[in-house]
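The lines below spell out each chain.
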Amino acid sequence: MIVWGLLWEIVGQAELTFFIPPLSEVLATLFSIIGTPAFQKALAETAYAFFVGVAFAIAIGIPVGILMGKSRLLDELLLPWVNVFLSAPLTALVPVLMVLFGFGMKSIIITTALFAIWIIILNSRAGVIQINRSLVEMAHSFGASPLNAFFKIYFWAALPEILGGVRIGIIRAVKGVIIGQLLISIVGFGALFELYSANFLMGHFWAVLIVLFALAFTISEFLAYLERRVSYYASKR
Amino acid sequence: MAMSPIKEVTAQTTPMEFESAVSVRNISKNYGDVEALRDMSLEFPRGQLTSLLGPSGCGKTTLLKIIAGLLEPTSGQVEVNGKTVSGPGKDRAFVFQDFALLPWATVIRNVAFGLEMRGVAASEREAIAEKYIKEVGLAGFEQSYPHELSGGMRQRVGLARALAVDSDVLLMDEPFSAVDEQTRRKFQEDLLNLVQIENKTFIFVTHSIEEAVYVSDQIAILLPRPSRVSEIIRPSSFRDKGVDNIRRDPEYLDIVDNIWASLRGYVE
């Protein structure tokens, strides 16, 4: 990290290209813009779209994935679609969403959810499929209702994989929310990017990017930490 | 066939004059073209321990899971206390070969799991679970997680969970096969005590001849291809001589030898 930071600084100071200002300048800009209303409005808008989108992706993705893992029929019906959407360039779908859902926040949220949901579904499904069969038999033999089996066995047994999926899904959602903001309507961080790069304010541009990377990195590290905590017992299963 | 000596042993025992807790009637089970069980009938006397013993592939675990209601027979029926089995029920509890504990739950939650599924209130089921944790000798480990316990202790948790729901019939699928030899011996002694104290019917699947003869009131020998009950042996004389004397009792040794003689031909 430090080496790369120094390299950045050197390249910036050498004034090789206007595209890369010195890191110190970027950081100075970062602290100067972080308090501005424009930045905070962008942060609030982005965070809102991001969290709502991720919440939808998780709330829909996990149950769908678990049900796919449990039901052969559902799995065969849905798996091809999940795989298609997982690997498809979703950016190309954004114009379609704009037609369907308009140019507002709704489309951005849906874009975010679409970026995150497929890997969450796939991982939850994988988590359920690897469940120890005798745990399922055990629940059955003690008379667990389908609802009980779902919440007391399947969810917990698949939790390490589910969390892994959520972590990757959230990283993808960061992409989704920015692409949504850039393509659908110029709001939030997308608007800032657009504004700064159009005006060649590279210091500002990089500052926002650093904030964004830091946010994505923090969230992903937090989830990785949760995952490790859960894997602690899960590896012993 | 070397089966006649076994018949002599059976002949010494009292004729069938017990009440059945579990009756297996003409059970067949096919997996596609493969015949796992063919027209099998067997009675399990109340309050006693019956072993299902046989070489691998003789369908003993399949039969146990049919009795548990975890598998559907292709034809025939199982009756528990006179009622036909159509799925898992409160009258039966299962002890699993690989323990089947919830790795994310403490010992006490694992033991209380069956009660939780039956909708028993939290405080009540924990009190019951604590009692059975003590009974299987795990007092002090209530808040431990399964991975912190040895294999033998984990199976004690599995046993406590099955006891906690207070079913009439306890189904045990090779419960001691995944624990070490010394733990296993201790388990067998404890199981004999358990059969004495708890007024339950035990059905016990094993592939160990010594284990079957040691713990059983009745041993059903199953043979493969096609699966059938070839013998029912009821050891009579050594049951009351105390756990320490069984293994050197002449009848015990004879039965072990005879069973081996009849199974030898089926072991690859």
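What you see is a predicted model, and the numbers here were worked out from it, not measured in a lab.

Asks: Can you help me understand the overall build of chain A in this one?
Replies: Per the secondary structure count, chain A includes 11 helices and zero strands. Secondary structure elements of chain A, listed N to C terminal, follow the sequence α-α-α-α-α-α-α-α-α-α-α. Of all 237 residues assigned to chain A, the portion counted as buried reaches 46%.

Asks: Is there a simple way to explain the sheet that holds strand β3 (residues 49-53) of chain B in this structure?
Replies: The pairing of strands in a sheet comes from backbone hydrogen bonds and takes either a parallel or an antiparallel form. All names here are of chain B. Taking strand neighbours across the sheet as the criterion, the six strands line up as β6-β7-β8-β3-β9-β10 in an open arrangement whose pairing is mixed. Each having just a single partner strand, β6 (92-95) and β10 (228-233) make up the two edges of the open sheet. For this sheet, the mean angle separating the axes of adjacent strands, direction not counted, is 20 degrees. Relative to strand β8 (residues 201-206), β3 runs parallel, the two being bridged by five bridges. Bridged to L52 within β8 is V205. In this fold helix α2 (residues 60-68) packs onto β3, β6, β7 (169-173), β8 and β9 (218-223), with an angle of close to 150 degrees to the strand it touches most, β7.

Asks: Sorry, what's going on with the pattern of salt bridges here?
Replies: Note on pairing: side chains with opposite charge can pair once their charged atoms come close. All names here are of chain B. Counted under the stated rule, the structure contains 15 salt bridges over all chains. Of the charged contacts in the structure, one is a salt bridge between K200 and E198, with a shortest N-O distance of 3.5 Å. Accessibility assignment for this pair places K200 and E198 in one class, buried.

Asks: Where do I start with unusual backbone geometry in this structure?
Replies: Note on backbone geometry: most residues besides glycine have negative phi, and most peptide bonds are trans. Phi is positive for F99 of chain B, which is not a glycine, with a value near 75 degrees. Tracing the sequence through the fold places F99 of chain B in the loop between β6 and α3 (107-111).

Asks: Can you walk me through helix α2 (residues 23-33) of chain A in this structure?
Replies: Each α-helix turn comprises 3.6 residues. Residues three or four places apart therefore point the same way. All buried positions along α2 of chain A are accounted for by L23, V26, T29, L30 and I33 of chain A. Relative to the axis of α2 of chain A, the buried residues are bounded by an arc of 120 degrees and lie together on one face.

Asks: Where do I start with the environment of S56 of chain B in this structure?
Replies: Assignment of secondary structure puts S56 of chain B in the loop between β3 and α2. Relative accessible area serves as the criterion here: at 60%, S56 of chain B is assigned to the exposed category.

Procedures and definitions
- Residues numbered from 1 in each chain as written.
- Chains lettered and ligands numbered in written order.
- Predicted model: local features only at pLDDT ≥ 70, side-chain atom pairs only at ≥ 80, totals over all residues.
- Heavy atoms only, no water.
- Helix = DSSP H or I, 4+ residues; strand = E, 2+ residues; numbered from the N terminus.
- Buried < 20%, exposed > 50% of the residue type's maximum accessible area, 1.4 Å probe, protein only.
- Pairing = 2+ DSSP bridges.
- Axes fitted to C-alpha atoms, helices over the stretch in contact; angles between N-to-C directions.
- Contact = heavy atoms within 4.5 Å.
- Salt bridge = Lys/Arg side-chain N within 4 Å of Asp/Glu carboxyl O.
- Arc of directions from axis to C-beta.

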